[in-house]
Amino acid sequence: MNIQIRKFYYGDIPEDTAQVGSNHSTTNENAWPLWEVFIRSKQGLDHKHAGSLHAADAAMAIENARDVYTRRQEGVSIWVIESKHVHASNPDDAEMFYEPASDKIYRHPTFYDLPDELKHM
Amino acid sequence: MSLHDLEKSFQDKIDKEIKIEPKDWMPEAYRKTNLRQISQHAHSEIVGMLPEGNWITRAPSLKRKVILIAKVQDEAGHGLYLYSAAETLGSSRDQMIADLHSGKAKYSSIFNYPTLTWADMGAVGWLVDGAAILNQVMLCRTSYGPYARAMVRICKEESFHQRQGFESLMVLSKGTQAQRDMCQDAINRWWWPSLMMFGPTDSESTNSDQSIKWKIKRKTNDELRQQFVDMIVEQVKILGMTLPDPDLKWNEERQHYDFGNINWEEFWNVVKGNGPCNKQRLAARNKAHDEGAWVRAAALAYAEKRKNKLKNKAA
Ligand SMILES: [Fe+2]
Ligand SMILES: [Fe+2]
């Protein structure tokens, strides 16, 4: 497929007209590991994924998460976990994985037709 | 599935407004376009700290200083959200930073203009952040999930940037003659570069509308620019200042403001590296990165040492 990309310039300056500097390659050996950040916005609520960041260790990850994700009182508690420890379901399996639930409508309260006189149910 | 089928089901998802997530199949060109756009956007946030950082130590009051620090800190956060989104497309942070520092990667040209007076802090917040916001509000609905989520977070924070800028200009506009002159001068210098932020006119882009078809963008450069002009022309009246364009005129038929010709030669000159501050900006970034190298190495060594200590204790 021959796809032509329209050139949009704000935050998308095309390569062809851009000045190209020396390309010194970098190794990733010294990179700080990546962490996923979860924030509890309010006491009583779940921790929710907020984003990710790089940090040398867990303590630094929490401090950086505080600085980046809770500058406006967005949270009262932070979890961090190294991204490499997250296991995820495969999007290619989504159909096989989640499809079986779609025909089990009897799992929903609305499946049951009950008389109007029945109160508090 | 054949490549053709994959592309078709990909486009179906886009058409149905289903977001694309990092592990989903995507055309290579979609990945590349997003990676380039998101990383350039990230670089813009980071380099964008420099013109404003220039005035932190010289802010006229403690109040203005803490506001400016908070804004610049926000921009650092925006850079981080965006780098994280870009990393999900298979590039590394180190590679992106290296590309920025070598001059290979680009950032928004607006940040290659100097901030000469205090009034520039107001003009930048009002006009530059204002222009960025229009673009970013649109990008909240972009088709790539991590980019869209980063944009939602960023937009929540941006509104304060524009408001503090306008408020700061409002104070100047009610001040002494010298302050009013400084305010007008800053508007005069930032107006045209702000219009250029939206990029060349649509007629210059002869290629197909792939980015729109993929819903990476939902509005063209000219649509966004017009929206910006219409908005600012009204706002500048409240300041009692003017915009430096004699051709600015309400067009009854179009129901939009007409405006004068943009100096595209200047635009391309700055993009190509010959703006007033291109070299200075890259030098500042490289210096900060190089001088921070020992801190990064030390943090890693410390983390390593603590890990080993824990291991030895367990043994
Ligand atoms: Fe920003
Ligand atoms: Fe901003």
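Residues numbered from 1 in each chain as written. Chains lettered and ligands numbered in written order. Predicted model: local features only at pLDDT ≥ 70, side-chain atom pairs only at ≥ 80, totals over all residues. Heavy atoms only, no water.

With that settled, consider the overall build of chain B. Regarding its fold elements, chain B presents 13 helices and 2 strands. Over its C-alpha trace chain B gives a radius of gyration of 22 Å, about what one expects of a compact globule, namely 20 Å for 315 residues. Expressed along its principal axes, the backbone C-alpha trace of chain B runs to roughly 75 × 50 × 35 Å. Taken over 315 residues, chain B has a buried fraction of 55%. For chain B, long-range pairs separated by at least 24 residues make up 76% of all intrachain contacts whose partners lie at least 6 apart in sequence. When the accessible surface of chain B is totalled, it reaches about 14500 Å², and 57% of it is carbon and sulfur. Once the 45 positive and 39 negative side-chain charges of chain B are each reduced to a mean point, those two points are 9 Å apart. (Helix = DSSP H or I, 4+ residues; strand = E, 2+ residues; numbered from the N terminus. Rg over C-alpha atoms; globule rule 2.2 N^0.38 Å. Buried < 20%, exposed > 50% of the residue type's maximum accessible area, 1.4 Å probe, protein only. Contact = heavy atoms within 4.5 Å. Areas by Shrake-Rupley, 256 points an atom, 1.4 Å probe, with all protein chains shown as cover. Lys, Arg positive; Asp, Glu negative; His and termini not counted. Charge placed at Lys NZ, Arg CZ, Asp CG, Glu CD.)

The next point concerns the coordination of the iron ion (ligand 2). Each pair of donors in an ideal octahedron of six around a metal sits at 90 or 180 degrees, and each pair in an ideal tetrahedron of four sits at 109.5 degrees. All names here are of chain B. For the iron ion (ligand 2), the full set of protein donor atoms is Glu75 (OE), Asp129 (OD), Glu158 (OE), Glu158 (OE) and His161 (ND1), and the range of their distances to it is 2.0 to 2.8 Å. Donor residues for the iron ion (ligand 2), ordered by position in the chain, follow E-x53-D-x28-E-x2-H. Taken as a pair, the iron ion (ligand 2) and the iron ion (ligand 1) lie 3.3 Å from each other and share glutamate 75 as a ligand. Of this pair, aspartate 129 sits in helix α6 (residues 119-139) while histidine 161 is found in helix α7 (residues 145-173), placing the two residues 32 residues apart along the sequence. Comparing aspartate 129 with histidine 161, the two get one shared label, buried. (Donors = N, O, S within 2.8 Å, 3.2 Å for Na, K, Ca; no water.)

Now for the coordination of the iron ion (ligand 1). Residue and element names in this part refer to chain B. The coordination sphere of the iron ion (ligand 1) contains the protein donors Glu45 (OE), Glu75 (OE), His78 (ND1) and Glu158 (OE), at a distance range of 2.1 to 2.3 Å. Taken together, the 4 donor atoms coordinating the iron ion (ligand 1) and their angles of 81 to 157 degrees define a geometry best described as irregular. Each donor residue of the iron ion (ligand 1) lies on one chain, and together they are spaced E-x29-E-x2-H-x79-E. (Tetrahedral: all angles 85-135°; square planar, octahedral: opposite > 155°, others 65-115°.)

Here we come to the confidence of the model for chain A. All names here are of chain A. With 76% of its residues at a pLDDT of 70 or more, chain A shows a mean pLDDT of 82. Confidence scores differ between elements of chain A, with helix α2 (residues 94-98) showing the lowest mean pLDDT of 84 and strand β3 (residues 77-82) the highest of 97. Throughout residues 17-27 the model reports pLDDT below 50, and contacts reaching past four residues in sequence, or to other chains, amount to 22 contacts. (pLDDT = per-residue confidence, 0-100.)

The next subject is the packing of aromatic side chains. Residues and elements named next belong to chain B. Counting across every chain of the model gives 17 aromatic pairs over all chains. Taking the centre distance of 5.4 Å and the plane angle of 50 degrees together, the rings of phenylalanine 198 and phenylalanine 228 count as tilted. With phenylalanine 198 in the loop between α8 (177-196) and α9 (210-213) and phenylalanine 228 in helix α10 (residues 221-239), this pair connects stretches of sequence that are 30 residues apart. Residue classification places phenylalanine 198 among the buried residues on the basis of a relative accessible area of 2%. On the basis of relative accessibility, which here comes to 0%, the residue phenylalanine 228 falls in the buried class. (Phe/Tyr/Trp six-rings, centres within 6.5 Å; stacked < 30°, edge-to-face > 60°.)

Residue and element names in this part refer to chain A. Taken together, 3 strands build an open sheet; the order of strands is β2-β1-β3 and the sheet is antiparallel. If you trace the sheet from one side to the other, it starts and ends with β2 (47-54) and β3, each paired once. Mean inter-strand twist for the sheet, computed between neighbouring axes without regard to direction, equals 25 degrees. Direction of pairing for strand β1 (residues 34-40) relative to β3: antiparallel, over a ladder of 6 bridges. The partner of valine 37 across the bridge, within β3, is valine 80. (Pairing = 2+ DSSP bridges. Axes fitted to C-alpha atoms, helices over the stretch in contact; angles between N-to-C directions.)

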